[in-house]
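Report on the structure
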Amino acid sequence: NILNKENIKKKNLYNKELSFIEWKQIIDKISSASSPIIVIGGGEPFLHPDIINIVHYIKSKNLQCRLLTNGTLIPQEKISELIDTQLDDLAISIDGIAETHNTLRANGNIFQSVINTLQLLLKEKERKKTKIPLIRINCLINAYNYKNLDMLVEFLNDYPVDRIDFLHLNFITKKILDDQNKLINKFILFSFPFSRTLFLGSKFSTEPGNQNLYIVL
């Protein structure tokens, strides 16, 4: 986790946030010992004033880097610079369309803000003729959105994102599991006209290691 601050309030469980210099020291130690994939989470990474410099530094060490964000705080003027870092993977959290996402994120118009940022990222990638960062949508399935996931997939079909990941909560009810599997059966039977969609993985189940459905557009 790059820092413990979040622009959506959560209970603070940590006390210290590291500076850019301290992160460089950690990255140096990591890169000298191995070549891991570094996943930057949070809190919200874009609250860190040096987040783009940190990504730059990770990539200068020839390490793979993924970044997880809620998509609300990526400065428009920094999008080109972010893409130029050669970041490998950018995951944006979207838990439903419009009202669903706004309710889950406790913000009146956060969904449109995220979509505006997504559009700018995709346009800048197209302008630069680059395939990275891979743009991924993370959707956490929960009791408030599980009946409307098809609406999110249909909405995102108009945006050339690289992948949509539906993520399970660790604990769910039998009813939610059954309803989710009905939804996935729709996908498997290609009930929706998504010509760019490839389905990987399998149906949701309670078996370990089978918690994610990957939809690659």
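Scroll up to find the structure this text is about.
Residues numbered from 1 in each chain as written. Predicted model: local features only at pLDDT ≥ 70, side-chain atom pairs only at ≥ 80, totals over all residues. Heavy atoms only, no water.

**With respect to the overall build of the chain**
- When helices and strands are tallied, the chain shows 7 helices and 7 strands.
- Burial statistics for the chain: of 217 residues in total, 42% are counted as buried.
- Of the contacts formed within the chain by residues at least 6 apart in sequence, a portion of 69% connects residues at least 24 apart.
- Of the accessible surface of the chain, which amounts to about 12000 Å², a share of 52% is contributed by carbon and sulfur atoms. (Helix = DSSP H or I, 4+ residues; strand = E, 2+ residues; numbered from the N terminus. Buried < 20%, exposed > 50% of the residue type's maximum accessible area, 1.4 Å probe, protein only. Contact = heavy atoms within 4.5 Å. Areas by Shrake-Rupley, 256 points an atom, 1.4 Å probe, with all protein chains shown as cover.)

**What about the packing of helix α1 (residues 20-33) against helix α2 (residues 51-60)?**
- The N-to-C vectors of α1 and α2 enclose an angle of 20°; their axes lie 10 Å apart at closest approach. Judged on the interaxial angle alone, α2 and α1 are roughly parallel. Seen from above, α1 lies across α2 with right-handed handedness. For the pair α1 and α2, contact is made by F20, W23, K24, I27 and D28 and by N53, I54, Y57 and I58, respectively.
- Along the lines of polarity and charge, the residues of the contact of α1 with α2 split into 6 nonpolar, 1 polar and 2 charged. (Axes fitted to C-alpha atoms, helices over the stretch in contact; angles between N-to-C directions. Parallel < 35°, antiparallel > 145°, perpendicular 65-115°, else oblique. Left-handed = near helix turned anticlockwise from the far one by under 90°. Nonpolar A, V, L, I, M, F, W, Y, C, P; charged D, E, K, R; others polar.)

**Brief notes about the nonpolar core**
- Residues I40, L90 and L118 are the most contacted members of the largest nonpolar core, which totals 42 residues.
- No other element matches helix α5 (residues 110-128), which puts 7 residues into this core. (Core = buried A, V, L, I, M, F, W, Y, C linked by side-chain atoms within 4.5 Å.)

**A look at the pairing of strand β1 (residues 37-40)**
- Taking every second residue as pointing to the same face, the buried face of β1 carries I38 and I40, while none of I37 and V39 on the other face is buried.
- One ladder, built from 4 bridges, connects β1 with strand β2 (residues 64-69); its direction is parallel. Bridge assignment links V39 to a residue of β2, and that residue is R66.
- A crossover connection joins β1 to the parallel β2 through α2; in handedness this β-α-β unit is right-handed. (Pairing = 2+ DSSP bridges. Right-handed = clockwise from strand over helix to strand, strands pointing away.)

**As for unusual backbone geometry**
- Between I132 and the following residue, P133, the backbone shows a cis peptide bond with an omega angle of 0°.
- Relative to the helices and strands, P133 is located in the loop between α5 and β4 (134-140).
- Phi is positive for N62, close to 60°, though the residue is something other than glycine.
- Mapped onto the secondary structure, N62 falls in the loop between α2 and β2.

**Thoughts on helix α6 (residues 149-156)**
- Among all positions of α6, only L149, D150, L152, V153 and L156 are buried. Looking straight down α6, one finds its buried side chains confined to an arc of 160°; they lie on one side. (Arc of directions from axis to C-beta.)

**Here's the deal with the packing of aromatic side chains**
- Scanning the model with the defined rule gives 2 aromatic pairs in all.
- Ring geometry for F111 versus F155: centroids 5.4 Å apart, planes at 55°, classification tilted. Taken together, the positions of F111 in helix α5 and F155 in helix α6 put the pair 44 residues apart, joining distant regions of the chain.
- The exposure class assigned to F111 is buried, which follows from its relative accessible area of 6%.
- Note on F155 and Y159: the rings are 5.3 Å apart at their centroids and 35° apart in plane angle, and the pair reads as tilted.
- Y159 gets classed as buried once you look at its relative accessible area, which sits at 13%. (Phe/Tyr/Trp six-rings, centres within 6.5 Å; stacked < 30°, edge-to-face > 60°.)

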